[in-house]
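# Architecture at a glance
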Amino acid sequence: MFMTGKLYLIPTPISQENIAWALPSAVQQCVADIAHFIVEHPKTARQFLKQIDCKHSLQELSMQTLNEHTPAKGLLALLDPIFAGHDVGLLSEAGCPAVADPGAELVRLAHKNNIKVVPLVGPSSILLALMASGLNGQRFTFHGYLPVESTARASRIVELEKLSISLKQTQIFIEAPYRNQKLLEQLVNVCCDSTDLCIASHLTFSSELVATKSVKEWKCSLPDINKIPTIFLLHG
């Protein structure tokens, strides 16, 4: 009987400072054996694969692109190497594939075609931030990006704060790094003084900052997180 390959979901380091901290050696060895990849950006994917001593030359690797511009009708073709018997690795740019990252629809399509999906251990900025926040890790929701327009964003913040209070739930969200400072300033202006807010910036970098304080405490001194990747966690 002809066997199809597997789809490996490969997290990649958030920081390149020390890959050994981010990926277990067994995961690196598994990835090093794979010759077919689905990636967001081939250049950064090759940089990552070079770090883990890929057993194939970078020129030999097959790389197909999956990003926000990939049409839904083109997803099935990305799985062709698997149907031909090859293992394929789905690579994130940073963190976990299909979690606040392209790939979920492809993974769902793999399941529909009875392809074995293998998630590998690696960093997730969302979970790292939740772990370090001290906020409710039993009930939490990740909302992705908040509205860009200031008035709509303020209304959404108020809504999330009320949800957090009523459901006893941690609310998690992100912003484009160049808008982080404006979001932080709006959070402390809109939220109640008693609401807890965690700022988790530059996770896994040597410059990492993770701090949880009440909004009232944050008002006394706001960190500079402009253009720094950050996860925001709120609990009313």
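For the structure itself, consult the block above.
The text that follows walks through the structure, step by step, so that each part is easy to find. (Residues numbered from 1 in each chain as written. Predicted model: local features only at pLDDT ≥ 70, side-chain atom pairs only at ≥ 80, totals over all residues. Heavy atoms only, no water.)

## Brief notes about the pairing of strand 4 (residues 88-91)
Applicable threshold: Burial status follows relative accessibility: with a 1.4 Å probe on protein chains alone, a residue under 20% of its type maximum counts as buried, one over 50% as exposed, and anything between as partly exposed. Each helix is a run of DSSP H or I of at least 4 residues and each strand a run of E of at least 2, with the numbering of both proceeding from the N terminus. Here, strands pair whenever DSSP counts at least two bridges between them.
In strand 4, alternate side chains face the same way, and those of V88 and L90 on one face and G89 and L91 on the other are all buried. Where strand 2 (residues 36-39) and strand 4 come together, three bridges link them in parallel fashion. Its bridge partner lying in strand 4, I38 is registered against L90.

## Quick word on the pairing of strand 10 (residues 230-235)
A large share of strand 10 lies buried, amounting to six of its six residues. Side chains T230, F232 and L234 of strand 10 all project onto a buried face; the interleaved residues I231, L233 and H235 project onto the opposite face, where all are buried too. In this structure, strand 7 (residues 170-174) lies alongside strand 10, joined through four bridges in antiparallel fashion. Bridge pairing links F173 to F232 in strand 10. Sheet analysis places strand 8 (residues 196-201) next to strand 10, joined by six bridges and oriented antiparallel. Bridging across to strand 10, D196 finds its partner in H235.

## Points about the packing of aromatic side chains
Each aromatic ring pair is specified by the distance between its two centres and by the angle formed by the two planes. Test applied: Stacked, edge-to-face and tilted are the three classes for Phe, Tyr and Trp ring pairs, Trp counted by its six-membered ring, which pair at centre distances within 6.5 Å; planes under 30 degrees apart are stacked, over 60 edge-to-face, the rest tilted. Any Lys NZ or Arg CZ that is within 6 Å of a ring centre and within 35 degrees of that ring's normal is treated as a charge sitting over the ring.
Inspection of the entire model under this criterion finds one aromatic pair. Pairing F173 with F232 gives two aromatic rings, centres 5.9 Å apart and planes at 10 degrees, and the pair type is stacked. Of this pair, F173 sits in strand 7 while F232 sits in strand 10, and the two are 59 residues apart along the sequence. On the basis of relative accessibility, which here comes to 0%, the residue F232 falls in the buried class. Of note, K213 hangs over the ring of W218, and the distance from its end group to the ring centre comes to 4.7 Å.

## Observations regarding the environment of T141
To keep things clear, this is the line we draw: Contacts: residue pairs with any heavy atoms within 4.5 Å of one another.
Counting through the fold element by element, T141 comes out in strand 6 (residues 140-145). A relative accessible area of 25% means that T141 is categorised as partly exposed. Separated by 23 residues in sequence, T141 and S164 place their C-alpha atoms 9.4 Å apart. Those residues in contact with T141 that lie beyond four places of it in its chain are Q169, T170, Q171 and I172.

Just geometry here; none of it tells us what the structure is for.
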